[in-house]
Amino acid sequence: MSEPLFVDLSESKPTEIESMCMKCHENGITRILLSKIPHFKEIIIMAFECPHCGFRNNELQSAGVFNERGHIITLTIKSKEDMNRQLVKSDFCSVKFEELDLEIPANNNRGLLTTVEGLVDNVIDDLAAGQPIRKATEEAVYNRIEEIIATLNSYKEGSAFTLKLDDPSGNSYVENKCLPNQDPQIKLRWYTRTPEQQAFLGLQAENQQTPAEQAAALALQRTGTASEMVNEKTGLPEVMSFPANCPSCNSPCSTNMHVMEIPHFKEVVIMATNCEHCGYKSNEVKAGGPISEKGKRITLKITDPEDLSRDILKSETCGLSIPEINLELTQGTLGGRFTTVEGLLRQVHTELRDRAPFIEGDSGTDSGKDRWARFLNNLTLVADGKMMPVTLIIDDPLSNSYLQNLYAPDPDPEMTIEDYERPWEVNEDLGLNDMKLENYEEEHKRQQQAEETEHA
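Rules and cut-offs
- Residues numbered from 1 in each chain as written.
- Predicted model: local features only at pLDDT ≥ 70, side-chain atom pairs only at ≥ 80, totals over all residues.
- Heavy atoms only, no water.
- UniProt positions renumbered as here; feature names shortened; annotations may be inferred.
- Helix = DSSP H or I, 4+ residues; strand = E, 2+ residues; numbered from the N terminus.
- Buried < 20%, exposed > 50% of the residue type's maximum accessible area, 1.4 Å probe, protein only.
- Pairing = 2+ DSSP bridges.
- Axes fitted to C-alpha atoms, helices over the stretch in contact; angles between N-to-C directions.
- Contact = heavy atoms within 4.5 Å.
- Expected span 1.5 Å × (residues − 1).
- Arc of directions from axis to C-beta.
- pLDDT = per-residue confidence, 0-100.
- Phe/Tyr/Trp six-rings, centres within 6.5 Å; stacked < 30°, edge-to-face > 60°.
- Polar contact = N/O pair within 3.5 Å; in protein donor to acceptor, adjacent residues only side chain to side chain.

As named in an unreviewed UniProt entry, the protein is Zinc finger ZPR1-type domain-containing protein, taken from Mucor velutinosus. Turning to the protein, the UniProt record has this under Subcellular location (unreviewed entry): "Nucleus". You can read under Function (unreviewed entry) in the UniProt record for the protein the words "Acts as a protein folding chaperone for elongation factor 1-alpha."

Let's shift gears to the environment of leucine 87. Mapped onto the secondary structure, leucine 87 falls in strand β7 (residues 86-89). Once the C-alpha coordinates of leucine 87 and valine 116 are considered, the two residues, 29 residues apart in sequence, prove to be 6.9 Å apart.

Only one face of strand β10 (residues 112-115) is buried: it carries Leu112 and Thr114, and the other face, with Leu113 and Thr115, is open. Of the pairings in the sheet, the one linking β7 to β10 comprises four bridges and is antiparallel in character. Bridge pairing in β10 places leucine 87 opposite threonine 114.

Let's shift gears to the pairing of strand β19 (residues 311-314). In the sheet, β19 pairs with strand β22 (residues 337-340) via four bridges, with the strands oriented antiparallel. Of the residues in β22, the one forming a bridge with isoleucine 312 is threonine 339. Looking at chain direction, β19 and strand β24 (residues 402-403) are connected through two bridges and run antiparallel. When the sheet's bridge partners are listed, isoleucine 312 is paired in β24 with leucine 403.

Residue proline 389 is bonded to the preceding methionine 388 through a cis peptide linkage, with omega at -5°. Tracing the backbone shows proline 389 in the loop between α7 (366-384) and β23 (390-396). A positive phi is found at serine 399, a non-glycine position, where the angle reads about 60°. Looking at the secondary structure, you find serine 399 in the loop between β23 and β24. By relative accessible area, serine 399 is classed as buried at 7%.

The next subject is the sheet that holds strand β25 (residues 415-420). Reading across from one edge, β21-β20-β23-β18-β25 is the order of the five strands in this open sheet, with antiparallel pairing throughout. Because the sheet does not close on itself, it has two edges, and the strands there are β21 (327-329) and β25. Adjacent strand axes in the sheet meet at a mean angle of 10° when their direction is disregarded. Relative to β21, strand β20 (residues 319-322) is paired through three bridges, and the arrangement is antiparallel. Looking at the pairing, serine 321 lines up with glutamate 328 of β21. Across the face of the sheet, helix α6 (residues 341-354) comes into contact with β18 (295-302), β20, β21 and β23 while running at roughly 85° to β21.

Before going further, it helps to spend a moment on helix α3 (residues 139-156). With 18 residues, α3 should cover 26 Å at 1.5 Å per step; its first-to-last C-alpha distance of 26 Å lies within 8% of that length. Residues Tyr142, Ile145, Ile148, Ile149, Leu152 and Tyr155 constitute the buried set of α3. Taken down its axis, α3 places every buried residue within 125° of arc, on the same side. What points out from α3, more than 90 degrees from its buried face, is the exposed set Glu139 and Ala140.

Below, the discussion takes up the confidence of the model for the protein. A residue-level look at the protein finds 80% of positions with pLDDT of 70 or above and a mean pLDDT of 79. The least confident element of the protein is helix α5 (residues 211-223), whose mean pLDDT is 43; the most confident is strand β11 (residues 161-167), at 93. When the criterion is pLDDT under 50, residues 209-230 qualifies, and its contacts beyond four places in sequence or with other chains add up to 17 contacts.

Turning next to the packing of aromatic side chains. The final tally for this structure, using the stated rule, is six aromatic pairs. Note on phenylalanine 92 and phenylalanine 200: the rings are 5.6 Å apart at their centroids and 90° apart in plane angle, and the pair reads as edge-to-face. Separated by 108 residues along the polypeptide, phenylalanine 92 in the loop between β7 and β8 (94-97) and phenylalanine 200 in helix α4 (residues 195-200) bring together distant segments of the chain. With relative accessibility at 38%, the residue phenylalanine 200 sits in the partly exposed group.

Before going further, it helps to examine the sheet that holds β11. In space, the five strands of this open sheet follow the order β9-β8-β11-β6-β13, with antiparallel pairing throughout. Strands with a single pairing partner mark the edges of an open sheet, and in this sheet they are β9 (102-104) and β13 (186-191). Between one strand axis and the next, the sheet turns through 15° on average, direction left out of account. Sheet topology note: the β8/β9 ladder contains three bridges and is antiparallel. Paired with lysine 96 across the two strands is glutamate 103, which belongs to β9. Across the sheet, helix α1 (residues 116-128) lies against β6 (70-77), β8, β9 and β11, angled at about 85° from β11, the strand it touches most.

To continue, consider the side chain of glutamine 197. The residue glutamine 197 is located in helix α4 in this model. Here the side chain of glutamine 197 touches threonine 194 through a polar contact of 3.0 Å, landing on its backbone nitrogen. Apart from the residues lying within four places of it in its own chain, the contact partners of glutamine 197 are Pro168, Tyr191 and Thr192.

Structure follows, in structure tokens:
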């Protein structure tokens, strides 16, 4: 049986290749390591060193699949200790220093596995590389860049600043110093990629069909097979199937979609993908219908193992917490899920375990590893029904999440449902403040008249 191409870091050995140094044009050595880390999946680490001129270079590339969505990580640096935070920056990630309004585009950078201080050092080195020429030709530009370099050096000494990583591939990561709790200095926001970002990643745009998909759609229209599976109530097929590519092995597979109505709740769309080639399975749930006027917070007191079998619909905008074990998940974690409380907790356990590469690695402290192990053990005890009572809090600003009421239609004594007004900041993150559904044509006419009057 052949050995796997990608192995764990502890078991892997680098491959050495003789290659030309781009600085002195002599031959140096490039070491290539194919490895796995918990969050980044398969990676390729390359390091070059020239024995003639001493030039060194290293690069990291992701060999795994892209996430379903992109994300923006905003990190607030408050002290010199924060400069030691480790981070993974993919080669599709752009970096911006907010206070300096300095942005390093993704196509000008390479993937890195480094610290915040290492990232700042790389930016300083890149800016300083052309300073002697600028001093002789463009003194004003030279002076401005010197000011930026001085500010970046002050960051290394402990000055506060804000770092933003925008990665459409969703494969960048910043170390959480407060695991298993949420880090107050890290803000993570997931977003749907634009067609331009899809093209930048080399992916097919969502509204673009491949020739195989076009042929399948044409055959469906000619045969009329879908009419045999139409639901009399909704007018939609019971299960709609469309061709896609497996996100794990990229082989052709099918995605099934079903529209259903949950009693005492609303209409939802369930999508499931099953790849026969590699065994990959995934499911996702999206809420249908209009946007709710208020958010919803559901609090369940888990006092009996039967509570773990309750059906739960967790939307992609839903946050989840269990105060007794210090579990707190922000919006966007896990995406949409339709499962049981027990199934959701086990998915959370797997997701958190795989997304914390630094806490269990060589860079993690003994106290941090012990705290992380206790947290995962407590989460397992709750999922097994061996730690009770605990409180499960589901907070969804769009009110698209649902938890089964075992006493329906009567109130559930163990469950509290609270509606609340969404803050302006939450509406801004959801894009609701700019959404206008009524009288928008009149507003457009008023703007046009104002512009004509101003030009006149």
